[in-house]
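Each chain is listed here by its residues.
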Amino acid sequence: MSQNNLEHLLVKNRQWAQRIKDDDPSFFQQLSSQQKPRYLWIGCADSRVPCTQLVDLLPGEMFVHRNVANLVIHTDFNCLSVMQYAIDVLQVEHIIVCGHYRCGGIQAALQNQQFGLIDNWLRHVQDVIAKYKNYLDKFVTEQERLDQLCELNVIEQVFNVCENTLVRHAWNRGQKLSVHGWIYGVEDGLLRDLSLNVSSIEEMKSSVHHLFTKTGLI
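Since the model is a prediction, treat every value here as computed from it, not as a measurement.

Chemist: Help me get a handle on helix 11 (residues 201-215), residues and values and all.
Modeler: Between the first and last C-alpha of helix 11 there are 21 Å, a value that for 15 residues agrees with the 21 Å anticipated at 1.5 Å per step. Within helix 11, the full set of buried residues consists of Ile201, Met204, Ser207, Val208, Leu211 and Thr215. Projected down its long axis, helix 11 carries its buried residues within an arc of 120°, all on one side. In helix 11, those exposed residues whose orientation departs by more than 90 degrees from the buried face are Glu202, Lys205 and His210. Here the buried face of helix 11 lies against helix 8 (133-136), helix 9 (142-163), helix 10 (165-172) and strand 5 (190-198).

Spelled out as structure tokens, the structure:
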């Protein structure tokens, strides 16, 4: 088979589609008419973290945005456009920010590695490092610091979601919307809830206070 020939992927696609149609012959016909996902997933672009497979959902059940290191930046109109459509049009009920351990982007920021253009993107992770430096320095090994930073980065991105005007406006008009922080273990295939489930501005303030107390920022 030629290296440029991707027929094997097309074959896998036909097999996948047939399996779904065998279970539900009308599935794709119904799916083509509308999408009504309850969830927006904001995750890392890492190939080891296939979001819908991790939670065993079918096409149409989850709206997805992925980027390197699962960042939510207030000037990233790609991410903001996905959030706006998910919140205002699709009326999702849950936004899940999911990072993962052994994240290459997080590791590159922690070790100040240089890869080119992406270094500018990862400056946002280095801002998290600077913010929690004293807390991260308490961990003895590099792996412990990396794991803690992966978790802290998820939490910071949850706060970024909650602080965004799109979410604030949804809460102000009484829309049912919760923001969650999860992390995935590539070494065992398991998702972990970081006990961060925010449904209002008041809950976000309480979560921030708890984190700052835990990490010694207050």
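Chemist: Lay out the nonpolar core with the relevant residues and their values.
Modeler: Formed by 54 residues in total, the largest nonpolar core has its most connected members in Leu40, Ile42, Met83, Ile95 and Val161. Here the element with the most residues in this core is helix 9; it accounts for ten residues. Ignoring anything within four residues of it in the chain, the contact list for Ile42 reads His65, Asn70, Val72, Cys79, Met83, Ile95, Ile96, Val97, Cys98 and Val161. Counting residues in each nonpolar core, the second largest holds seven residues, with Trp41, Cys51, Cys98 and Tyr184 among its members.

Chemist: Outline the sheet that holds strand 4 (residues 178-185), listing residues and values.
Modeler: To summarise the sheet geometry, strands pair through backbone hydrogen bonds and adopt either a parallel or an antiparallel arrangement. On the basis of which strands lie adjacent, the open sheet formed by five strands has the order 2-1-3-4-5 and mixed pairing. Both outer strands of the open sheet, strand 2 (62-67) and strand 5, are each paired with one neighbouring strand and no more. Each adjacent strand pair in this sheet contributes to an overall mean axis angle of 20°, direction not counted. Here seven bridges tie strand 3 (residues 94-100) to strand 4, and the two strands are oriented parallel to one another. Paired with Ile96 across the two strands is His180, which belongs to strand 4. The strands touched by helix 9 within the sheet are strand 1 (39-44), strand 3, strand 4 and strand 5, with strand 4 carrying the most contacts at an inclination of about 160°.

Chemist: Talk me through the packing of helix 9 against helix 10; I want residue IDs and the actual numbers.
Modeler: At a minimum axis separation of 5 Å, helix 9 and helix 10 run at an interaxial angle of 60°. In terms of their interaxial angle, helix 9 and helix 10 are classed as oblique. On helix 10, the residues touching Val161, Cys162 and Glu163 of helix 9 are Thr165, Val167, Arg168 and Trp171. Partitioned by chemical class, the residues of the contact of helix 9 with helix 10 number four nonpolar, one polar and two charged.

Chemist: Give me the lowdown on a nonpolar patch on the surface, citing residues and values where you can.
Modeler: Nonpolar side chains collect at one region of the surface, where Val68, Phe115 and Ile118 lie side by side and expose about 250 Å² of accessible area between them. With respect to the helices and strands, the residue Val68 is situated in the loop between strand 2 and helix 4 (77-89).

Conventions and cut-offs
- Residues numbered from 1 in each chain as written.
- Predicted model: local features only at pLDDT ≥ 70, side-chain atom pairs only at ≥ 80, totals over all residues.
- Heavy atoms only, no water.
- Helix = DSSP H or I, 4+ residues; strand = E, 2+ residues; numbered from the N terminus.
- Expected span 1.5 Å × (residues − 1).
- Buried < 20%, exposed > 50% of the residue type's maximum accessible area, 1.4 Å probe, protein only.
- Arc of directions from axis to C-beta.
- Contact = heavy atoms within 4.5 Å.
- Core = buried A, V, L, I, M, F, W, Y, C linked by side-chain atoms within 4.5 Å.
- Pairing = 2+ DSSP bridges.
- Axes fitted to C-alpha atoms, helices over the stretch in contact; angles between N-to-C directions.
- Parallel < 35°, antiparallel > 145°, perpendicular 65-115°, else oblique.
- Nonpolar A, V, L, I, M, F, W, Y, C, P; charged D, E, K, R; others polar.
- Patch = residues over 30% accessible without salt bridge, like charges linked within 9 Å, V, L, I, M, F, W, Y side chains within 5 Å.
- Areas by Shrake-Rupley, 256 points an atom, 1.4 Å probe, with all protein chains shown as cover.
- Salt bridge = Lys/Arg side-chain N within 4 Å of Asp/Glu carboxyl O.

Take it as geometry only, folks, not as evidence of what the structure does.
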